[in-house]
Amino acid sequence: MLSKSHKMRSTLVLVGFILCFSTIIARLFSIQVLRHDYFVARGKKIYETRELIYPKRGSILDRNLKVLALSEPTNIICADLRKIRDPKLTPNRDLLASTLARLLGLERDRLNRTFALKGREAAYLKRKPTQEMIDAVEVLRRDRVFFEAGRRSTSLYGGEKEFIYHGIFLDNRVKRVHPDGRLLCHILGFVRDDPRPGKVLVRDDSYPVAGIEKSADRWLKGEAGWRMKNIDNRRRWVLSAQVVEKPAVNGQNVVLTIDEGIQFICEEEIGRQFEEVACKTISAVVVNPRTGEILAMANFPNFDPNNIVEFDPERMSNQAVEYSFEPGSTFKAITAAVALEGRVVTPEEKVDCGPGYWKAPKGPRLRDYRPQGELTFEKVVVKSSNIGMAKVCGRLGAKGLWGGLRNFGIGSKTGVLLPGEISGTLRPPNLWTGYSLAEVPMGQELAVTPLQLAMAFAAIANDGVLMKPLIVKEIRDEEGKVVRRFEPQAARRAVSEKTAKTMKSILRKVVTEGTGKRAEIEGYSPGGKTGTAQRALPVTDETGRIVKWVYSDTIFNSTFCGFAPAEDPEIVILVALQSTVKPKHFGGTVAAPVFARIGEKALKYLQVQPHEEKEENTRSAQLN
Amino acid sequence: MQSERALLIILIIILQGIGLVMIYDSSAIYANEAPAIHDSDFFLKKQLVWMALGVAALLVLSNVDYRLLIRNAVPIFGMTLLSLCLVFVPGIGVKANESYRWIRLGGKVIQPSEFAKLTTILFLAFALSRSSRARYPLTLKKLLLPLGGVAACAGLILVEPDFSSSAVLGSVAFIMLFVAGTKLRYLFCLVAGALGALSYKVVTSSYQLGRVLAFLDPAEHQAGIAYQQTQSLLALGTGGLFGLGLGSGRQKLGFLPYLYNDFVGASIGEQAGFLGMCVLMGLFVVFAVLGFRIASRAKYMEGYLVAIGVSSLICIQAVTHLGVVTSLLPATGLNLPFVSFGGSNLFAAFIGTGLLVSVSRVAEKETVKEPARALRARRVITT
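Conventions we followed
- Residues numbered from 1 in each chain as written.
- Chains lettered and ligands numbered in written order.
- Predicted model: local features only at pLDDT ≥ 70, side-chain atom pairs only at ≥ 80, totals over all residues.
- Heavy atoms only, no water.
- Helix = DSSP H or I, 4+ residues; strand = E, 2+ residues; numbered from the N terminus.
- Rg over C-alpha atoms; globule rule 2.2 N^0.38 Å.
- Contact = heavy atoms within 4.5 Å.
- Areas by Shrake-Rupley, 256 points an atom, 1.4 Å probe, with all protein chains shown as cover.
- Lys, Arg positive; Asp, Glu negative; His and termini not counted.
- Charge placed at Lys NZ, Arg CZ, Asp CG, Glu CD.
- Pairing = 2+ DSSP bridges.
- Axes fitted to C-alpha atoms, helices over the stretch in contact; angles between N-to-C directions.
- Domains from an automatic or database assignment.
- Buried area = accessible area lost by both parts, 1.4 Å probe.
- Salt bridge = Lys/Arg side-chain N within 4 Å of Asp/Glu carboxyl O.
- Polar contact = N/O pair within 3.5 Å; in protein donor to acceptor, adjacent residues only side chain to side chain.
- Buried < 20%, exposed > 50% of the residue type's maximum accessible area, 1.4 Å probe, protein only.
- Phe/Tyr/Trp six-rings, centres within 6.5 Å; stacked < 30°, edge-to-face > 60°.
- Lys NZ or Arg CZ within 6 Å of the ring centre and 35° of its normal.

Turning next to the overall build of chain A. The number of helices and strands found in chain A is 20 helices and 24 strands. Computed over the C-alpha atoms, the radius of gyration of chain A is 36 Å, more than 25% above the 25 Å expected from 2.2 N^0.38 for a compact globule of 624 residues. Viewed in the frame of its principal axes, chain A has a C-alpha envelope of about 150 × 65 × 60 Å. If you take every contact in chain A between residues at least 6 apart in sequence, the share linking residues at least 24 apart comes to 71%. Surface summary for chain A: the accessible area is close to 29900 Å², and the carbon and sulfur share equals 52%. Both charge centroids of chain A, one from 96 positive and one from 74 negative side chains, sit 8 Å from each other.

The next thing to look at is the sheet that holds strand S23 (residues 546-564) of chain A. Residue and element names in this part refer to chain A. Ordered in space as S13-S12-S24-S23-S22, the 5 strands form an open sheet in which the pairing is antiparallel. Each edge of the open sheet is held by one strand with a lone partner, namely strand S13 (294-300) and strand S22 (527-540). Direction aside, neighbouring strands of the sheet carry axes that sit 15 degrees apart on average. Note: strand S12 (residues 281-287) against strand S24 (residues 571-581), 7 bridges, orientation antiparallel. Its bridge partner lying in S24, Thr 281 is registered against Gln 578.

In this section: the domain arrangement of chain A. Reports of interface size often rely on the accessible area that becomes lost once the parts have come together. Residues and elements named next belong to chain A. You can read the domains of chain A as domain 1 (51-256) and domain 2 (260-619). Of note, the centres of domain 1 and domain 2, computed from C-alpha atoms alone, are 47 Å apart. The interface is formed by 34 residues belonging to domain 1 together with 35 residues belonging to domain 2. Buried surface at the junction of domain 1 and domain 2, both sides included, amounts to about 3000 Å², of which 61% is carbon and sulfur. A per-residue breakdown of the area domain 1 buries against domain 2 is headed by Arg 63, Arg 182 and His 186, which together make up 23% of the total. Linking domain 1 with domain 2 are 2 salt bridges. A salt bridge links Lys 66 to Glu 260, with the nearest nitrogen and oxygen atoms 3.4 Å apart. Breaking the side of domain 1 that touches domain 2 down by element, the ones donating at least two residues are strand S5 (168-177), helix H7 (185-188), helix H8 (211-215), helix H9 (217-220) and strand S11 (253-256).

For the rest of this paragraph, the subject is the domain arrangement of chain B. Residue and element names in this part refer to chain B. One can read the domain layout of chain B as domain 1 (1-66 + 239-383) and domain 2 (72-204). When each unit is reduced to the centre of its C-alpha atoms, the spacing between domain 1 and domain 2 is 21 Å. Contact with domain 1, which involves 26 residues of that partner, is made by 25 residues of domain 2. Taken together, both faces of the contact between domain 1 and domain 2 bury some 2100 Å²; the carbon and sulfur share is 77%. Among the residues of domain 1 in contact with domain 2, Leu 305, Leu 313 and Ser 344 are the three that bury the most area, contributing 26% of the side total. Linking domain 1 with domain 2 are 0 salt bridges, by the criterion used here. Connecting domain 1 to domain 2 are 4 residue pairs in polar contact (both at pLDDT 80 or more).

Let us look at the pairing of strand S19 (residues 472-476) of chain A. All names here are of chain A. Across the 5 residues that make up S19, a large majority, 4, are buried. Where S11 and S19 come together, 4 bridges link them in antiparallel fashion. The partner of Leu 256 across the bridge, within S19, is Val 472. Inspection of the sheet shows S19 paired to strand S20 (residues 482-485) by 3 bridges, in the antiparallel sense. Paired with Arg 476 across the two strands is Val 482, which belongs to S20. Between S19 and S20, which pair antiparallel in sequence order, lie 5 residues; one of them, Gly 480, sits at a positive phi of approximately 100 degrees.

Turning our attention to unusual backbone geometry. Residue Pro 565 of chain A follows Ala 564 of chain A across a cis peptide bond; omega there is -15 degrees. Cis geometry is adopted by the peptide bond preceding Pro 161 of chain B, which originates at Glu 160 of chain B and carries an omega value of 0 degrees. As for its placement among the helices and strands, Pro 161 of chain B is situated in the loop between helix H6 (140-158) and helix H7 (163-180). Positioned with a positive phi, Leu 184 of chain A is a non-glycine residue whose angle comes to about 65 degrees.

A full pass over the atoms with the stated rule returns 22 aromatic pairs over all chains. Centre to centre, the rings of Phe 115 of chain B and Phe 347 of chain B are 5.7 Å apart; their planes meet at 70 degrees, and the pair counts as edge-to-face. Here Phe 115 of chain B is found in helix H5 (residues 112-134), whereas its partner Phe 347 of chain B is found in helix H13 (residues 343-382), with 232 residues between them in sequence. A relative accessible area of 18% places Phe 115 of chain B in the buried class. By relative accessible area, Phe 347 of chain B is classed as buried at 18%. Sitting above the plane of the Phe 178 of chain B ring, Arg 9 of chain A keeps its charged end 4.8 Å from the centroid.

All names here are of chain B. Strand order in the open sheet formed by 3 strands is S1-S2-S3, with antiparallel pairing between adjacent strands. Of all the strands in the sheet, the pair left with one neighbour each is strand S1 (93-96) and strand S3 (108-110). Across this sheet, the average inter-strand angle for adjacent strands is 40 degrees, counted without regard to direction. By the bridge criterion, 4 bridges tie S1 to strand S2 (residues 99-105) in an arrangement that is antiparallel. In the sheet register, Lys 95 faces S2, and the bridge partner there is Tyr 100.

And the structure:
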């Protein structure tokens with residue numbers, strides 16, 4: 001019945017359809033097979049998001065593995081302002097504000113202002129809440145009294161979820177905790193949330209600001225990992241069978257050379273002295289002369305790193321390495337060693353210290369605190385004669401003195417692993433004037449940091465070898481395995497063993513018969529040197545511009561640096577008070593007693609045997 | 001002949017199976033989260049109800065002589081035009097997405113345009129077979145009735161507005177005119193006129209112009225009007241050769257709206273990959289071949305036209321749907337027959353299949369009858 005034409009036309013239509021389907025197949029082949037990789041790459045951007053996995057920051061430990069700083073998980077109390085502003089979800093905003101104000105110790109008006117902030121969707125209400133606050137907020141969120149019309153949502157599998165108010169919520173954070181509070185605050189330093197744009201408030205311990213936290217950050221911080229998360233169109237996380245991730249590497253623990261016990265002794269003693277003597281700051285450094293390990297380093301006034309916002313930033317600088325001062329007579333120990341090493345004098349050589357004043361050639365008029373007459377060089381140091389020192393050291397010449405001091409590390413950074421260390425001031429000899437050669441020997445016209453001075457004394461105590469100061473002893477991984485050890489390292493030989501030995505006995509005599517009598521420690525026979533240096537104060541004209549600097553007659557730097565026991569020193573201790581006021585200004589009266597107290601307690605703490613027998617032996621030997 | 005019908009039934013069972021799985025997979029998350037629904041089985045249940053109705057219609061129609069329907073084609077077509085008008089009547093018509101495409105009937109919302117496609121096929125079969133019986137080829141005068149009917153129907157659908165449905169309707173009518181033996185120069189004029197009207201419509205409607213522009217330059221409109229097609233390509237592309245695996249699709253996570261009907265092809269391509277799409281394509285090709293075989297074996301002009309009309313309708317919808325999914329055509333919402341979610345469309349597809357079965361059965365009856373008569377006659381002679 002159908003004609004040939006009908007059949008032909010219908011076949012044509014069928015072929016047309018098959019062609020259409022073939023075109024689609026070809027198109028699909030191009031999309032799905034040829035351009036597959038392109039679409040997979042594009043899909044990654046849309047279907048997946050990379051979530052950072054934060055590493056745990058390492059802890060800081062003392063040499064006996066006592067924890068000094070660690071990171072702990074904590075919560076932060078936040079507000080979802082959109083939900084708080086929605087009267088359906090939060091019918092009673094005032095009640096919420098007053099309750100929160102009471103629970104969190106905030107001002108109610110301030111809370112209300114926060115709630116009304118324009119253009120903001122969320123706000124932090126309390127950065128470091130206590131456990132009680134966290135518990136109270138958890139209860140508040142489940143209290144229907146406050147939020148009668150609160151949201152009820154059904155879970156994916158039906159059924160009503162537990163009632164929770166979402167206007168206030170807790171967010172996970174990490175906080176840095178210093179269990180010892182103010183102890184070691186300047187050394188440990190502190191961390192804060194990352195202030196760089198886009199990183200605000202990610203973690204409260206991600207950005208080191210000062211101290212070991214900053215200088216040892218490379219070991220402490222660890223390495224962030226990531227996890228690819230499948231997300232839906234609203235960027236919600238969708239569970240997936242395969243998890244592609246790179247785990248985070250937690251930070252390593254830093255073990256300091258600091259001994260918490262000695263540190264505590266130090267801080268207690270300088271703290272007490274800070275109360276009793278009028279001064280701006282006190283620094284103390286305790287060093288093991290043989291290894292260069294810093295056993296304690298303390299400054300006053302201090303601060304609480306757990307609560308830095310309440311303290312003046314001026315208190316936060318580590319004066320022991322970030323501040324330099326004119327050391328005064330204490331420095332004579334170093335210049336005397338340089339003179340002896342330069343063979344321009346022997347300890348027994350007589351030096352004429354005259355009537356108590358002397359005009360140096362092309363230099364200043366020097367004064368001693370009283371006329372000394374003729375003294376042996378040993379006595380010049382013991383009695384701390386300015387004139388004697390200037391006369392002897394003048395023989396060295398500028399270059400000789402300068403080179404000797406450089407050997408002691410004066411004028412260059414010690415390289416200790418602490419941030420912000422300064423090199424102090426020691427001008428090169430070509431800039432020295434006639435005054436310089438007279439003033440440098442008595443510790444003026446140059447500036448040292450407390451640590452430099454302590455290390456220079458440690459070189460004398462260590463038979464003339466200057467060590468590099470160590471603050472970090474070793475790096476340990478999470479399991480406690482030592483990953484890296486910092487071995488004691490000699491910087492150079494400062495003076496010969498013989499000179500060092502002579503200096504040790506001279507410095508012992510400073511304590512027994514010279515200016516440092518109050519530094520005596522029963523049974524440990526310490527040696528050391530006092531220092532009382534006039535402070536240079538600026539003089540300004542009417543406009544407030546500094547015209548010149550003048551040595552003050554009332555404001556002083558008082559120092560004592562020494563070691564004990566003198567023959568075979570176990571520890572070197574420096575005590576430096578800045579800006580003491582006459583009459584409580586002599587290094588021998590305000591710094592030496594602190595040295596003695598720290599020394600006695602520290603040596604007993606270190607279980608160094610007092611050697612009374614030994615002294616008796618030497619005494620009987622002298623009698624014989 | 002019977003094996004053809006069996007194959008046809010198996011084919012739609014397979015397509016229906018693919019459809020149900022894909023609808024559930026693509027709609028469950030959306031249905032669970034949509035505030036008005038909150039039931040992950042919502043779309044699946046609806047589709048199952050319509051499937052049951054469709055199977056019933058298929059069973060009834062396959063046991064009815066399609067010529068009965070052809071004889072009543074004029075009143076049926078009249079009712080169709082009436083229902084297309086009812087869409088605009090407040091109270092009965094349902095407005096959604098700024099268009100009037102649905103009417104509420106006995107608690108169910110149906111889309112008359114889906115049924116209009118079928119009734120137009122019946123009407124054309126009636127009109128064209130009557131005219132072509134007298135003389136071949138068709139004269140211009142005899143074409144006036146069928147053309148007028150199609151124009152009325154397509155026009156009503158166009159003002160709903162439902163551009164794609166009227167375009168499908170027009171294409172089916174064109175194919176039927178072609179296979180009925182209309183002179184090529186008439187058809188050429190028809191195509192020219194339709195294209196002219198089409199371009200006028202596209203240029204004047206900012207909505208459709210936007211879609212066409214987006215189609216021509218998808219990169220420019222990635223986030224806006226071409227968003228769906230960009231996502232659809234992404235779905236297909238990430239699927240690759242073997243697909244992500246059933247249930248592992250990502251576009252269903254709220255990325256591509258209407259994944260369970262207008263873009264179900266993308267969902268299949270994403271999860272079953274290129275090979276899966278080839279199988280799907282193969283199923284539709286087999287459907288087309290079966291449909292055209294039934295047509296070529298039909299005893300009557302009406303059957304021939306009905307079978308080709310129905311096969312073309314299914315194929316055009318499939319081609320357009322997949323063309324949109326693969327960005328070969330501008331974005332438009334068109335279901336993949338038997339697979340996409342959509343009650344009226346599914347029901348109409350079942351009815352169409354019922355008509356095909358009916359055509360096949362009638363043709364078979366006629367061919368079987370004659371040898372039987374001859375046999376009986378021979379027996380008379382021998383006795």
